[in-house]
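Summary of the model geometry
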Amino acid sequence: MRALIVDDESRVRKAIRLLVNWEEHGITEIEEAESGKKAIEMMSEFKPQLVITDMMMDDGDGIELMTWIESFSKTCKFIVISGHDDFEYMRHTVQCGGIDYILKPIDDDIINTAVATATKAWLAEEHTRQVQLEQSIKLNELKPVHDEKLLSRLIDDPTNIHYTVQRLQRERVIPDQIKNAQLVILQINNADEPLLNRFGNDIDLLLYTIENICNECIGGNTNGIAFNYWGSFEQILLLLWDHKIDAAHVTNQINDAIQMLFSRKFHFGTTTMGKFPSSLANQYDEAIRALNHRNLLDFTTYLHNVREVEQFKGRTSYSFADVREEWRVALISGNLHFIEQYSTSWLQQFVNSGYISPYILQAWLEDMFSFRHSLLQEISSNQKNELLSLLEQQDKLNIPPSIHDYSIKIHDWRQWALQFNLDLSQAITSIQQNKSRSFSDIVSYIELHYNEELTLQDIADTFLISREYISRKFKQDYAISFTEYLTSFRLNKAKALLRNHNLKLNQIAEMVGIADVKYFSKVFKKHEGLTPNEYRKTFVNR
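What counts and what doesn't
- Residues numbered from 1 in each chain as written.
- Predicted model: local features only at pLDDT ≥ 70, side-chain atom pairs only at ≥ 80, totals over all residues.
- Heavy atoms only, no water.
- Salt bridge = Lys/Arg side-chain N within 4 Å of Asp/Glu carboxyl O.
- Helix = DSSP H or I, 4+ residues; strand = E, 2+ residues; numbered from the N terminus.
- Buried < 20%, exposed > 50% of the residue type's maximum accessible area, 1.4 Å probe, protein only.
- Pairing = 2+ DSSP bridges.
- Right-handed = clockwise from strand over helix to strand, strands pointing away.
- Axes fitted to C-alpha atoms, helices over the stretch in contact; angles between N-to-C directions.
- Contact = heavy atoms within 4.5 Å.
- Phe/Tyr/Trp six-rings, centres within 6.5 Å; stacked < 30°, edge-to-face > 60°.
- Core = buried A, V, L, I, M, F, W, Y, C linked by side-chain atoms within 4.5 Å.
- Parallel < 35°, antiparallel > 145°, perpendicular 65-115°, else oblique.
- Left-handed = near helix turned anticlockwise from the far one by under 90°.
- Nonpolar A, V, L, I, M, F, W, Y, C, P; charged D, E, K, R; others polar.

1. Some points on the pattern of salt bridges
Two side chains of opposite charge can pair, provided their charged atoms sit close to one another. Tallying each qualifying case throughout the model produces 13 salt bridges. For the salt bridge of R264 with D192, the shortest nitrogen-to-oxygen distance reads 2.7 Å. With R264 in the loop between α9 (247–262) and β9 (267–270) and D192 in the loop between β6 (180–187) and α7 (193–198), this residue pair connects regions lying 72 residues apart in the sequence. Neither residue differs from the other here; R264 and D192 are each classed as buried.

Structure below.
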C-alpha cells in the first residue's frame, strides 16, 4: 500500500513518519506534500490508498483536498491531523468519509489505531471491488453465450418463441417491431485443418472470429444479427430484418473479408423473407436443404437457395445400387483391375452429369459402409465382427473428404474410395484363404474327433466360419452333406471294429460316436443293407 503525508510544516511530516508503524499496516511506499494543491498534483500519479493531511495550510487547505478526494479518488482513505478543535472541521471530515480527526500534538497510539482502521477498511472494500470486477468480467463473458442460446431457441423451441423474442428485445439483443426476417446459414468446414491450425485448433475461437466479421458486415443489430447456432457448432446463422440489407451483398462482403484474411470463401444457404419469428424453423430447414443440395461442381456460386434444388432435381438418378453388384463381383474375385475401375469410375458419372451435392455424397458414404457390412456377413458371418473392427481401425487412416468442403476434390474422393475397396478386398482375400486352408483342417478334425458328438455348428464355431460355407463345401468337394460324410466315416470305422468278436455292438456304437445302439443299428442297416450282426456274420466270419 502507499501513503501520502500532507502538511506545510516539515517537522510535522517527519513526526508522522516516525510515529506510524508503516510495515505493520502493510504500507511500503510513503511520499510527502507541503500543501493541498501539491497533494492533488501528486495524487494522479502516486495513487495513494491513504492520505494523512493537515487541515489548515496556506496553499490549498485540507477541506479542498478532502473534497477532491471524494470526487476523484473515492477509494482513497484519509485521516485529518489538526491543531484546531473545531466542530465544522470535524463535520467536513465525517461528510467526506474521513477515518478520523486527530488533534495535535499527535499521540502515537491514536494515529496507529486510525491508520489500522483506514488500511483494514481499504482492504475490505478492495476485496469487494475485486469480487464485483470478477463477477462483471464473468457476466460480460457469459452474455454472448447467453444471447446465442436465446437466439438458437428461435429455431429450436417454437412453443416458447414469443417469450424468447420478448427477452431478446428486453435485453436489447434484437430491436423491437421486427415484422419479417431472412435467415442465412454460413456452413463451416470442420475438416479445414489449415484454417483450424491458425486458431490453435480452437473451433470456438474460429467461430467467434467469423461471427464478429459477419456482425461487422451486417452493420449493427438494427439491420440484423449473426450468432453461433447451438443446434450445430459448425454453423453461424444470420438473421436479416425487414429488407434493411441485401443478403447477397452482405454474404459477398463477408466472403471478401474472409478471403482477405484466410484465403478462402464460405458457402451460405438462404431463403426468402418470412414472417418473424414464426417462419424461422421452416426457413432453417430450407436453408439447410439448399446447402445440402448445392452443386459441388459449381466453383463460382457461394449463396444458395431452394430454387437451386429444383433446378438440379432429376439431373441424375445414378445411385450406389447401380454399381453394387459390379463391386461385389470385383471384390470377391480380388481382380485389382476391376477394383480400381469400379472404385474410381462412379465419380465420373456425376462429373459427366454436371451435378453432385453433399446430399449425394452422404448417401454414397452410407451405402458403401452398409455394403461392406453386408458383404462381410455374406462371406463369413463368424469373422465379420473381427474384420469390421480391423477395417474401422483402417478407416481412421483413410478418412473420407468432408462433404462440406468449399468445392469437391475429385482426386481425393477417388483415392479414398479406391483405398476403401482395397482394404475391403484384402479382408475378403484373407477370409477366402482362411477358408481354403480351413476346409482340409475341418476334414482332419472330423476324422480325429468322429467318436465324439459333432454338429455342424460345433465345427463352425471351432473354425470361425459359417455353417453355410461348410455345408456348401462338402457338397462341392464330396457331393454329400456334412452329416452324410460324418456318418459314412463312422460306419467305415464301425465295420473295422465289427471284425473284433470280443466287442459288443453297444461298445462299437459308442466308440464311433453313436451313443444309442438301436439308432446305430438302424443307421448301419440303412447304409449297408444289413444289420451290424448280419454284416459280422456275412463278411467277418468268412
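2. Digging into the pairing of strand β1 (residues 2–6)
Looking along a regular strand, one sees side chains alternate from face to face of the sheet. The buried count for β1 comes to four of five residues, which makes it a mostly enclosed element. The sheet contact formed by β1 and strand β2 (residues 29–33) spans five bridges and is parallel. Bridge pairing in β2 links I5 to E32. This β-α-β element, β1 to helix α1 (residues 10–19) to β2, shows right-handed connectivity. Relative to strand β3 (residues 50–54), β1 is paired through four bridges, and the arrangement is parallel. Looking at the pairing, V6 lines up with T53 of β3.

3. Some words on the sheet that holds β1
One open sheet accounts for five strands, arranged β2-β1-β3-β4-β5; its pairing is parallel. Bordering the open sheet on either side are β2 and β5 (100–103), each of which pairs with just one other strand. Across this sheet, the average inter-strand angle for adjacent strands is 20°, counted without regard to direction. Strand contacts of helix α3 (residues 62–72): β1, β3 and β4 (77–82), with the helix running at about 160° to β3, the strand carrying the most contacts.

4. Concerning unusual backbone geometry
K104 connects to P105 through a cis peptide bond whose omega is -5°. For P105, the location among the structural elements is in the loop between β5 and α5 (108–156). Cis geometry marks the peptide bond from F276 to P277; its omega dihedral reads 0°. When you line up the elements, P277 lands in the loop between β10 (274–275) and α10 (280–292). Phi at N201 is positive, roughly 60°, even though this residue is not glycine. Turning to its location among the elements, N201 is positioned in the loop between α7 and α8 (203–218). In this structure N201 comes out as exposed when scored by relative accessible area, which is 55%. Residue A479 is not a glycine yet carries a positive backbone phi of 60°. Within the element layout of this structure, A479 appears in the loop between α18 (467–478) and α19 (482–497).

5. A closer look at the packing of aromatic side chains
With the rule as written, the count across this model stands at 25 aromatic pairs. Summarising the aromatic geometry, the rings of W327 and F371 are spaced 6.3 Å apart at their centres and angled 75° between planes, so their arrangement reads as edge-to-face. Residue W327 is found in helix α12 (residues 324–333), and its partner F371 is found in helix α14 (residues 358–379); the two are separated by 44 residues along the sequence. The pair formed by W327 and F371 is uniform in burial state, with each residue classed as buried. On the numbers, 5.8 Å between centres and 35° between planes, the contact of F474 with Y478 is tilted. Placement of both F474 and Y478 in helix α18 is noted, with a separation of four residues, approximately one turn of the helix. Given a relative accessible area of 36%, Y478 falls into the partly exposed group.

6. Overview of the nonpolar core
W346, I356, W364 and W413 are the most contacted members of the largest nonpolar core, which totals 39 residues. Every element with two or more residues in this core is listed here: α12, α13 (336–353), α14, α15 (381–395) and α16 (410–449). Once residues lying within four places of it in the same chain are set aside, the contact partners of W413 are W346, L347, L361, L365, P401, S402, I403 and I408. Grouped together as the second largest cluster of nonpolar side chains are 32 residues, L497, L498, A509 and F520 included.

7. So, the packing of α8 against α9
Running from N to C, α8 and α9 point in directions that differ by 135°, and their axes come no closer than 9 Å. As summarised for this structure, α8 and α9 are arranged oblique, according to the angle between their axes. Every pair of crossing elements has a handedness; the one defined by α8 and α9 is right-handed. Packed against α8, whose contacting residues are T209, I210, I213, C214, C217 and I218, the element α9 presents V250, Q253, I254, A257, I258, L261 and F262 at the interface. When its residues are assigned to classes, the contact of α8 with α9 shows eleven nonpolar, two polar and no charged.

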